[in-house]
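Fold and geometry: a report
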Amino acid sequence: MEESDTVNGFVIALVISFVIAGGFVLAGDSHSVESEESAFVANDSSVGTDSGFVDFQEVAFENGIRYEPQIMEMRQGVYVVDFDNDGDEDVLLMGGKNPVLYKNTGSGFAEHREFPLRLAQTAHFLDYNNDGWRDLIIAPVGDRPAFYVNENGTFERKDVGIAKATWRPMTINSADFNADGCLDVFIGQYGSGERAYQQPISEIRNNPDLRPDPEGGNENILLFGNCSVFSQVTEEAGLTGERWTLASAAVDLTGDGHIDIYVGNDFGSDYLYINRGNGTFHEHRMPRYTDRNAMSVRTIDMNGDGSLEIFITNIWIPAQATSTTGGSVYETLHAAFPYGNNYIVMNESGGFEDKAEEYGIEDGGWGWTATVADYNNDGHLDIVHGTIGSIPVEPFPKVYRTMQVWKGTEVGWTKLNGSEMGFYTENTRGMARIDYNMDGRLDIITAPSKFLYRGDTDRELYYRLYENQNTANQALQFFVRNPDGISRNANVVIQTDTQTIHRVVNSRGDFVTQDSRLVHVGMGGQSVEKVTIVWPDGENTTYTSLETGNRYILLPDEAIHVATLR
Amino acid sequence: MMRIKSPIDRSIRFANRVQDHIITTYFQPNAKTALYWSFAFVFFYYGIQKPAPGYSPVRRPVGLFVSNLGIPIDSAILFIGVFEMTLGLLFFMRKFRLVFWMFLAHQIVAFSTLIVMPYYAWQPPWLFLFGIPLPFKMDSWAAFVLKNVVFIGAFIALCHLEYEDRG
C-alpha cells in the first residue's frame, strides 16, 4: 500500500513539475526571432568578401594534434616555441587535462611530453640561464608556478626561487627589464573566485555601467632573475594595485631603450608600466578609451616608421535597432560594449591616440587573442583575432561568431568575413601563428573553449590547426638568437628594394598565448637587400646574403640556413 | 519555611510557562508539518527559478559542472529545475521514502561542487598545509552551498520525527 502511494505521489509531482517547466520553455521559445535574423542579414553582408585573400583548412588530427579542452574558462592556451632548436616550431597546448608539449617532426606533430599539473593556467618559454635553450614556466591557479629547465631539449623541474603563488595568471612575458643580462618575468593576473566571472548579462542589461571594481582583481607579479634564481620585486619595482589583467606586452614603447610593459585589463583602464631603467617602473594609466575589456595586446609597426602601435581586442556588440524583443536587449548590450578594439598610436607630442575607428578595426565582436602577421605574403600586416561563438542573447550575426579578419592594405585594413575562409564557429581563447610545415605561409593554431551559452559550436571541440591555403609563399623567415641566450629583445630592420620594414623580436606573450618568435616577412614581390639586427646592447649586425623563400637562424656572426620554404 | 518569590522570579516563571505553551500547543504538534512545508517551499521555489525566463544565477556554476560530462547546459538547468520542483512537491505530499533519496542526492551533488570547482567556489588566500593548497575563504558560491548544512540538520530532525511516529 505504501509503495503504490509513493509511486503515485512521485508521478503526480513529476507531472506537475514537467508541466510548469514545459510552459516556461515554450514561452521562452515563442519569442519571434525570425524578424531579428532577417534584420541581421544586412550586418553579415555588410562585411566585405575577398576570395583573393586566404583560405584556411583545419588539419589538426591529420598532423597528430588531438587535444581536447576541459571546462574552465580562459585557460585554453597555445604556446609556440622551438624548444629543441631544430629550426621548426613546436607547440605547448594547455587547457586540457594536462599541458602537453607537441614536437614538430617535420611531417606533423608528435606528443613529446605531458606536464602533470593540476589547474595549470598559463605558461611561458624563456631562456632564463642564457644557455641557448628555452626553459618553461607554468603558472597555476592557487599554487606556486612550476619551472622546468630545458637541458638540450629535455625538461627537468627545478626550484628557481619562485615562492609566490599565482591565483589567476593570464599572461606572462619575459625581458631583461633591469638590464643585468638575465631575463626577468612579468605575470599578469586576473581576479579570482566568483568575482572573476563576468557579471550576468541580465545585470548588465539593467545597468550598462555595471562593472567589477577595477581594483578588485589580483596583483601583477614581477620577478627579477639573475640567470640562476628569481626574486620577487613587485612592490620595490613600483607595481601596485590588484587589477583584472588578461594580456600584456613587453616592449620598448617609449623609445628610450628600456623594455616597458603594456598591461591590458578586462575592467578598468589599461596601464603602461614605463621602465625608468633603474629597476623601477612608473605606472602610467592609459586614457579612458582603454577602459573597455582588453583581452589581447599586440604591438606592431604598421606603417614602417620604426615606432610601435598597440592593437588591443575588446568587446563590441552591434546595435540592432529594428527588432522588438531581442532588439531592446541588443541595444542595451551595444550600449554596454559600444566601442570595440583599440589601435593606439603615439602622436608627435608623445601622447596616445586611439585610431581603431579611423582604420576600421574596432568592430570585432567579443574579441579574444589576436595575431598580427602577413598571412597572404603581400607585404602588409593582417589582423586575425578570436571571438566567441555566441552571446547569451539571440540572434547574433554570423560574421561575429568566428575569427575576425582584417586584410592589411597600403593605407590600413579591410574587414573580411572569417566564416567564408574555413574558420569554425566557436569560442576561441588562445591563438598563435605558426608555419608548422615550413611552406612559407603562416598557419594558425587555436584553443577553443567550452563555454556556457547555446550555439557555441556544432562540432566536437578540439584544438585547431588551420593550414594556410594561400598559393603565394614568397616570404623571408628567420629566428633571432642573441649572443648570450635566445630570448631577449632585439629590433629588426628589413630593407627591401622598395621599403623598410621594422619588426621587434620579444617574448610575445599574450593572453594564454605565446606567439612564435619566428620573424615572417611577406615579400609581396619585393626582394630583400639586407636585414639588420639591433641587439640589446646596441650593437648591430647586418646580413646581406638572405634570400626570399628561405628560413634562417640569425646569430651575431653568421646566418644559418634552416630550410627552403617549399 | 516558605520562600517569598521575587517579582523577577515570577516573571521568569511566567515567561517559561508562555514559552512552554507556545511550543507544546503550536510548535511541537506542527513540527513535522513545518519541516515538510519549509522544505517544500524552498525546493519548489528554487526549482521553479531554473526554467523560468531570465538569466538563472546558477547557470554558470551548473555549466561549469556539467560541461565536462558532455551534458548540454540548458538540459541540465531544466533537469535540475524539474528535480527540485518534484522534490518540493514530494515534501509537500510528505512522501518521505522518496524525498530521503532525492534529498541526499541533491546534497551530494551540491557539496561536490566545492571540490570539483574549487576555483569557482573559493577565493584567495588559500591555506597551505604542508605545501598542499587548501581552500579557506569562501566566495558566494561556497557560501550558497555551505548553508545547506542547516538543511541537512533539519532533515535529520525530520527523519527523527518521522521514525518516532512510526514507533
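Preceding block: the structure.
Described in the following lines is the structure provided in the data block. (Residues numbered from 1 in each chain as written. Chains lettered and ligands numbered in written order. Predicted model: local features only at pLDDT ≥ 70, side-chain atom pairs only at ≥ 80, totals over all residues. Heavy atoms only, no water.)

1. A closer look at the sheet that holds strand S39 (residues 550–555) of chain A
The strands making up a sheet are joined through hydrogen bonds of the backbone, oriented either antiparallel or parallel. Residues and elements named next belong to chain A. Where we set the bar: In short, DSSP must find at least two bridges between two strands for them to pair. The secondary structure listing takes helices from DSSP runs of H or I that are at least 4 residues long and strands from runs of E that are at least 2 residues long, numbered from the N terminus. All axes here are fitted lines through C-alpha atoms, helices being fitted over the stretch that makes contact, and every angle between N-to-C directions spans 0 to 180 degrees.
In space, the four strands of this open sheet follow the order S36-S31-S39-S40, with mixed pairing throughout. Edge positions in the open sheet fall to strand S36 (519–522) and strand S40 (558–564), since each of these has one partner strand only. For this sheet, the mean inter-axis angle between neighbouring strands, taken without regard to orientation, is 25°. Pairing geometry for S39 and S40, over six bridges, is antiparallel. Considered in S40, the bridge of Ile553 is made with Ile560.

2. Comments concerning the packing of aromatic side chains
Each aromatic ring pair is specified by the distance between its two centres and by the angle formed by the two planes. Residues and elements named next belong to chain A. Stated precisely, the cut-off is as follows: Two rings from Phe, Tyr or Trp (for Trp, the six-membered ring) form a pair when their centres are within 6.5 Å of each other. A pair whose planes differ by under 30 degrees is stacked, one over 60 is edge-to-face, and the rest are tilted. Residue exposure (1.4 Å probe, protein chains only): buried if accessible area is under 20% of the type maximum, exposed if over 50%, otherwise partly exposed. A ring is considered to have a charge above it if a Lys NZ or an Arg CZ atom is located within 6 Å of its centre and within 35 degrees of its normal.
Tallied over the entire structure, the rule returns 46 aromatic pairs over all chains. Taking the centre distance of 5.8 Å and the plane angle of 70° together, the rings of Tyr359 and Trp413 count as edge-to-face. With Tyr359 in helix H5 (residues 356–359) and Trp413 in strand S27 (residues 413–417), the pair connects residues that are 54 residues apart, well separated along the chain. Considered together, Tyr359 and Trp413 belong to a single accessibility category, that of buried residues. Its guanidinium or amino end placed over the ring of Phe61, Arg66 lies 4.1 Å from that ring's centre, counting from NZ or CZ.

3. Structural notes on unusual backbone geometry
Residue and element names in this part refer to chain A. Of note in this structure, Asn130 is not a glycine but carries a positive phi near 55°. Positionally, Asn130 belongs in the loop between strand S6 (120–126) and strand S7 (135–140). Its identity is not glycine, yet Asn152 carries a phi of approximately 55°, on the positive side. The residue Asn152 is located in the loop between strand S8 (146–151) and strand S9 (154–157) in this model.

4. Regarding the pairing of S7(A)
All names here are of chain A. Buried residues dominate S7, accounting for six of its six residues. The two faces of S7 match: Asp135, Ile137 and Ala139 on one face and Leu136, Ile138 and Pro140 on the other face are all buried. Pairing analysis gives six bridges linking S6 to S7, with the strands arranged antiparallel. Bridge assignment links Ala120 to a residue of S7, and that residue is Pro140. As paired strands, S7 and S8 are joined by three bridges and run antiparallel to one another. Counterpart to Ile137 in the pairing with S8 is Phe147. If you look at the hairpin formed by S7 and S8, you'll find five residues sitting between the two strands, and Gly142 has a positive phi there, around 75°.

5. Observations regarding the state of the cysteines
Residue and element names in this part refer to chain A. Our working rule: Any two cysteine sulfur atoms within 2.5 Å of one another count as a disulfide.
Per the counting criterion, the structure on display carries one disulfide over all chains. Residue pairing for Cys182: its cysteine sulfur links by disulfide to Cys227, the two sulfurs lying 1.9 Å apart. On the sign convention where negative means left-handed, the S-S torsion of about -105° between Cys182 and Cys227 marks this disulfide as left-handed. Residue Cys182 is located in the loop between strand S10 (169–175) and strand S11 (184–189), and its partner Cys227 is located in the loop between strand S13 (221–225) and strand S14 (230–232); the two are separated by 45 residues in the primary sequence. Given a relative accessible area of 7%, Cys182 falls into the buried group.

6. Some thoughts on the packing of helix H1 (residues 7–49) of chain B against helix H3 (residues 73–92) of chain B
Residue and element names in this part refer to chain B. Put simply, the rule is: Note that the term roughly parallel is reserved for angles under 35 degrees, roughly antiparallel for angles over 145, roughly perpendicular for angles of 65 to 115, and oblique for everything else. Note: crossing handedness is left-handed where the near helix turns anticlockwise from the far helix by less than a right angle, and right-handed where it turns clockwise. Every residue pair with non-hydrogen atoms within 4.5 Å of one another is taken to be in contact.
Closest axis-to-axis distance for the H1/H3 pair is 7 Å, and the angle between their directions is 160°. Considering the angle they form, H1 stands roughly antiparallel to H3. For the element pair H1 and H3, the recorded crossing hand is left-handed. Facing H1, whose interface residues are Tyr36, Trp37, Phe39, Ala40, Phe43, Phe44, Tyr46, Gly47 and Ile48, H3 presents Gly81, Glu84, Met85, Leu87, Gly88, Leu89, Phe91 and Phe92.

7. Quick notes on the nonpolar core
When a protein is soluble and globular, its nonpolar side chains tend to lie buried together. This is how the line gets drawn: Nine residue types can take part in a nonpolar core, namely buried Ala, Val, Leu, Ile, Met, Phe, Trp, Tyr and Cys, and a core is a set of them joined through side-chain atoms within 4.5 Å.
Core analysis: the largest hydrophobic core is formed by 46 residues, its most contacted members being A:Leu92, A:Phe115, A:Leu136, A:Ile138 and A:Tyr262. For this core, the elements supplying multiple residues, two or more each, are strand S2 (77–81), strand S3 (90–94), S6, S7, S8, strand S16 (245–251) and strand S21 (309–313) of chain A. Among the elements that line this core, the one with the most residues is S16(A), at four residues. In this structure A:Leu136 touches A:Leu92, A:Phe115, A:Ala123, A:His124, A:Phe125, A:Ala146, A:Phe147, A:Tyr148 and A:Phe155, once residues within four positions along its chain are discounted. Within the second largest apolar cluster, 23 residues are counted, among which are A:Val141, A:Ala165, B:Leu114 and B:Tyr119.

8. Examining the pattern of salt bridges
All names here are of chain A. Note the following rule: We define a salt bridge as a contact between a side-chain nitrogen of Lys or Arg and a carboxyl oxygen of Asp or Glu at a distance within 4 Å.
Enumeration over the complete set of coordinates arrives at 16 salt bridges over all chains. In this structure, the salt-bridge partner of Asp84 is Lys103, at a minimum N-O distance of 2.4 Å. Placement of Asp84 in the loop between S2 and S3 and of Lys103 in strand S4 (residues 100–104) is noted, with a sequence separation of 19 residues between them. For Lys103, a relative accessible area of 27% translates into the label partly exposed. As a salt-bridge pair, Arg464 and Glu426 come within 2.7 Å of each other at their nearest N and O atoms. Note that Arg464 is positioned in strand S30 (residues 464–468) and Glu426 in the loop between S27 and strand S28 (428–434), a separation of 38 residues in sequence. Arg464 gets classed as buried once you look at its relative accessible area, which sits at 5%. Judged by its relative accessible area of 2%, Glu426 falls in the buried class. Overlapping salt bridges, with partners in common, bring together Asp84, Asp86 and Lys103 in one network.

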